[in-house]
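# Geometric and topological summary
The residues making up each chain are set out below.
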Amino acid sequence: MKIALMDSGIGLLAAAAAIRELRPDADLVLSSNPASMPWGPRTSEEVTELALGCCRAAAELEPDALVIACNTASVHALATVRAELEPRIPVIGTVPAIKPAAALGGRVAIWATPATTGSAYQRGLIRDFGGTAEVTEVACPGLADAIEYGDEDAIAAAVADAAARTPGGTDALVLGCTHYELVADLIRTAVAPTASPALTLLGSADAVAAQALRRIADPATTGTGTLTVLHAGTPATLPPVATHYPQGRALTALTA
C-alpha cells in the first residue's frame, strides 16, 4: 500500500502521521514545494499550477491514493487534479471541518489562510453546512509560513493577532489550514481567555486519513512503512523543523 500526500510544505505532517498511526505498514510519499511558500496570498491559477506540480511528481511513484493535504490547494486545485489523475489514482481533498463544528451549535470561528478565507468554496461550505451556527471567518496572514520555518516569535505573533480577531465566546474553532494543526495546543491557549470554556478545536487530519484508506482499491495490500520525500519533484528528506511538532516527531519515530 502506497499513499501520497501533497502540500505546500510541512502541513502534510498531520495527515501523514494519522495515516501512519492507522496503517504503520503504509509506504508514504510526501510531495511538497516549500520554496514556493506561502501559497495563501497567491492567485488561484498560481496555486493550481503549484499543486499540479506536486501531485504529478507524486503520481510518478504510482501511489494507491493521493491526498491533497492542503486546504488552500483543495479550494483552488482539487477539481483540476482529479480531472487529470482519476480514476487511475483516487484523489482525496481536505475540507475544513465546518460541518461537525456547526453541528455543535453556538459560535464557530474558522481560521484559514487569506486565500481560503472569503473564497467561494469556503463560503459555500458555510452556506451548506453552517446550519444555525454563528460562523466567523478569521484570516491568519503569515501563520502557515511561520510554522513552516519554525519561527516561534512569528508563530506567537500571528496566533495572537488571529486570537484577537476571534469572537468572544467561540464554542468551536476550525483549523482551516493543515499547518495550523501542528500548533493546535498553542492556538487553544491563545483563544482560551475569551472563548467558551468548552471550546472544541477541529482539524481534518484524522478524517482525511480515514477517507484515504477507504478509497484504496485493495485495502488488504500491504507495504513496508517506507517514507519518500519530494521537494518540487526532487528527492529530499524531512526538514529538521518537522521535529519541532508532535506529528513530525511521531512520524519520524514510527518510520524509524
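Scroll up for the structure.
Not measured: the values here are computed from a predicted model.

## What to know about the sheet that holds strand β5 (residues 107-112)
Pairing in this open sheet of four strands is parallel, and the strands run β6-β5-β7-β8 from one edge to the other. The strands lining the two open edges of the sheet, one partner per strand, are β6 (134-139) and β8 (200-202). The sheet shows a mean angle of 20° between the axes of neighbouring strands, direction not considered. Lying over the sheet, helix α8 (residues 184-191) contacts β5, β7 (172-175) and β8, oriented at roughly 145° with respect to β7.

## Remarks on unusual backbone geometry
Here E86 and P87 are connected by a cis peptide whose omega angle stands at 5°. Tracing the backbone shows P87 in the loop between α3 (71-85) and β4 (91-92). The backbone of E62 shows a phi angle near 55°, a positive value even though the residue is not glycine. Looking at the secondary structure, you find E62 in the loop between α2 (44-59) and β3 (65-68). The backbone of A232 shows a phi angle near 55°, a positive value even though the residue is not glycine. With respect to the helices and strands, A232 occurs in the loop between β9 (227-231) and β10 (234-236).

## Some words on the sheet that holds β9
What the six strands build is an open sheet, ordered β4-β3-β1-β2-β9-β10; its pairing is mixed. Of all the strands in the sheet, the pair left with one neighbour each is β4 and β10. Where β3 lies against β4, two bridges are found, and the strand directions are parallel. The residue bridging V67 from the neighbouring strand is I92, located in β4.

## Describing the pattern of salt bridges
Two side chains carrying opposite charge are able to pair once their charged atoms lie near each other. Evaluated as defined, the whole model comprises eight salt bridges. Here R215 makes a salt bridge to E86, at a shortest N to O gap of 3.1 Å. Taken together, the residues R215 in helix α9 (residues 205-215) and E86 in the loop between α3 and β4 connect sequence positions 129 residues apart. A salt bridge links R107 to E134; its shortest N-O distance comes to 3.7 Å. In this pair, R107 is assigned in strand β5 and E134 in strand β6, connecting sequence segments 27 residues apart. By relative accessible area, E134 is classed as partly exposed at 46%. Linked by salt bridges that have partners in common, R82, E86 and R215 make up one network.

## Let's talk about the nonpolar core
Grouped together as the largest cluster of nonpolar side chains are 54 residues, with contacts concentrated most on L5, L28, W111, L143, Y180 and I187. For this core, the element with the most residues is helix α1 (residues 13-22), which contributes six residues. Core analysis: the second largest hydrophobic core is formed by 24 residues, A51, A58, L66 and I68 among them.

## What to know about the packing of α2 against α3
Following both chains from N to C, one finds α2 and α3 inclined at 50°, their axes separated by 8 Å at the closest point. One way to sum up the angle between α2 and α3 is to call them oblique. The element α2 and its partner α3 pack so that their crossing is right-handed. Side by side, α2 and α3 meet where S44, V47, T48, A51, L52, C55, R56 and A59 of the first sit next to T72, A73, H76, A77, T80, V81, E84 and L85 of the second. Taken together, the residues that form the contact of α2 with α3 break down as nine nonpolar, five polar and two charged.

Conventions used here
Residues numbered from 1 in each chain as written. Predicted model: local features only at pLDDT ≥ 70, side-chain atom pairs only at ≥ 80, totals over all residues. Heavy atoms only, no water. Pairing = 2+ DSSP bridges. Helix = DSSP H or I, 4+ residues; strand = E, 2+ residues; numbered from the N terminus. Axes fitted to C-alpha atoms, helices over the stretch in contact; angles between N-to-C directions. Contact = heavy atoms within 4.5 Å. Salt bridge = Lys/Arg side-chain N within 4 Å of Asp/Glu carboxyl O. Buried < 20%, exposed > 50% of the residue type's maximum accessible area, 1.4 Å probe, protein only. Core = buried A, V, L, I, M, F, W, Y, C linked by side-chain atoms within 4.5 Å. Parallel < 35°, antiparallel > 145°, perpendicular 65-115°, else oblique. Left-handed = near helix turned anticlockwise from the far one by under 90°. Nonpolar A, V, L, I, M, F, W, Y, C, P; charged D, E, K, R; others polar.

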